Amino acid sequence: MSTVNLQLADTLISQLNRSLIVSCQPVDDGPMDTIEHVVAMAQAAVLGGAKGLRIEGVEKVRAVAKAVEVPIVGIVKRDLAGSSVRITPFIEDVTALADAGASIIAFDGTDRVRPVPMLELLDAIHQSGCVAMADCADFGTGKMLAEHGCTFIGSTLSGYLDLDNTPDEPDYQLVADWSNLGLNVIAEGRYNSPQRAEKAIQLGALSVTVGSAITRIEHITGWFKQHIDNA
């Protein structure tokens, strides 16, 4: 097993401490789903104070890395036959994201049927020279991955393994529990208001990732429409 680049990890932890990461992922196949729009979103987010960006897709990561100077959390999403895992499932995805300019590579950190074991992906990220983030759904798996050298543990997938019963609120308890262990927690998943993001930091999260509430116009518009329709 390879080990994490501790100097890079320490630098990234310092850069992202008490910060906002903006996920610039447009609605798939929507009018904003172009490299040019993603780069513009990323630049606007940085101007607004984001200290990091989460970008999906190798070519989008490559373009954004040329346009900004903040750390990029790179992912590749795939729809696989025989597995519900979507986020960076293959080692070749890790290699491509590292080559494109991601400094942090996130992968699915859930205990589900998958094409490549989690610890192999973690090792591949370290071999690539990047720092790892695990997108987790439960306390135990996040703790295990941190013990194996995963620098950042995200609550990204908490509440999303059963899409028929996704809660409205973020999983604050998970963030608090990991933070109490001293993990570098990135709170992610349903942090769609400034107040929710603030609460995550108060609970000990290192950083908060916000996506739809900032970069998905279709979703934001739908929230307003729903309330107007219900008036």
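From a predicted model like this one, the values you see are computed outputs, not experimental measurements. (Residues numbered from 1 in each chain as written. Predicted model: local features only at pLDDT ≥ 70, side-chain atom pairs only at ≥ 80, totals over all residues. Heavy atoms only, no water.)

## Observations regarding the overall build of the chain
The condition is simple: Working definition: helices are DSSP H or I runs of at least four residues, strands are E runs of at least two. Numbering for both runs from the N terminus. Each radius of gyration is computed over the set of C-alpha atoms, and the globule rule expresses the reference value as 2.2 Å times the number of residues to the power 0.38. Residue exposure (1.4 Å probe, protein chains only): buried if accessible area is under 20% of the type maximum, exposed if over 50%, otherwise partly exposed. We call two residues contacting when some pair of their heavy atoms lies within 4.5 Å. Reported accessibility uses the Shrake-Rupley method at a 1.4 Å probe radius. Residues are deemed covered only where the shown protein chains occlude them. Positive charges come from Lys and Arg, negative ones from Asp and Glu, while His and the chain ends are left out of the count. Note that the charge is assigned to NZ on lysines, CZ on arginines, CG on aspartates and CD on glutamates.
Helix and strand content of the chain: 10 helices and eight strands. For 231 residues, the compact-globule estimate of 2.2 N^0.38 gives 17 Å, and the C-alpha radius of gyration of the chain, at 17 Å, lies within 12% of that figure. Reported as C-alpha extents along the three principal axes, the dimensions of the chain are approximately 55 × 40 × 35 Å. Residues counted as buried form 48% of the 231 residues belonging to the chain. Expressed as a percentage of contacts within the chain between residues at least 6 apart in sequence, the contacts between residues at least 24 apart total 58%. Of the roughly 11000 Å² that the chain leaves accessible, carbon and sulfur atoms contribute 52%. Here the chain carries 17 positive and 29 negative side-chain charges, and the mean point of each set is 3 Å from the other.

## Structural notes on the pairing of strand S5 (residues 131–136)
Operational definition: Pairing between strands requires that DSSP locate at least two bridges from one strand to the other. Crossovers are marked right-handed if the path from the first strand over the helix to the second runs clockwise, as seen with the strands pointing away from the viewer.
Across the six residues of S5, six count as buried, placing the element largely inside the fold. Judged by which residues are buried, S5 turns out to be covered on both faces: Val131, Met133 and Asp135 on one side and Ala132, Ala134 and Cys136 on the other are all buried. Strand direction decides the pairing type here: strand S4 (residues 104–109) and S5, joined by six bridges, are parallel. When the bridges of S5 are listed, Asp108 appears paired with Asp135. Read from S4 through helix H5 (residues 118–127) to S5, the crossover connection turns out right-handed. Relative to strand S6 (residues 152–154), S5 runs parallel, the two being bridged by three bridges. Note on S6: the bridge partner recorded for Asp135 is Gly154. Tracing the backbone out of S5, into helix H6 (residues 139–147) and back to the parallel element S6 gives a crossover that is right-handed.

## Some details on the packing of H5 against H6
Here is the rule we go by: What counts as an axis is a line fitted to C-alpha atoms, over the stretch in contact for a helix, and the angles between N-to-C directions run from 0 to 180 degrees. Geometric relationships in this document are graded by angle, where less than 35 degrees denotes roughly parallel, more than 145 denotes roughly antiparallel, 65 to 115 denotes roughly perpendicular, and other angles denote oblique. Crossing handedness: left-handed means the near helix sits turned counterclockwise from the far one by under a right angle, and right-handed means the same turn made clockwise. Classification used: nonpolar for Ala, Val, Leu, Ile, Met, Phe, Trp, Tyr, Cys and Pro, charged for Asp, Glu, Lys and Arg, polar for all others including Gly.
At their nearest, the axes of H5 and H6 sit 11 Å apart, and the two run at 40° to each other. The orientation of H5 with respect to H6, classified from their angle, is oblique. Crossing of H5 over H6 shows right-handed handedness. Contacts from Met118, Leu119 and Leu122 of H5 reach H6 at Thr141, Met144 and Leu145. Across the contact of H5 with H6, the residue classes break down as five nonpolar, one polar and no charged.

## Let's talk about the pattern of salt bridges
As a reminder of what qualifies: Salt bridges are identified by distance alone: a Lys or Arg side-chain nitrogen within 4 Å of an Asp or Glu carboxyl oxygen.
Counted by the stated rule, this structure contains 12 salt bridges. Of the charged contacts, one joins Glu169 and Arg196 as a salt bridge, the two residues approaching to 3.0 Å between their closest N and O atoms. Of this pair, Glu169 sits in the loop between S6 and helix H7 (172–180) while Arg196 sits in helix H8 (residues 194–202); the two residues are 27 residues apart in sequence, bridging distant segments of the chain. Each of Arg54, Asp135 and Glu188 takes part in a single network of salt bridges with overlapping partners.

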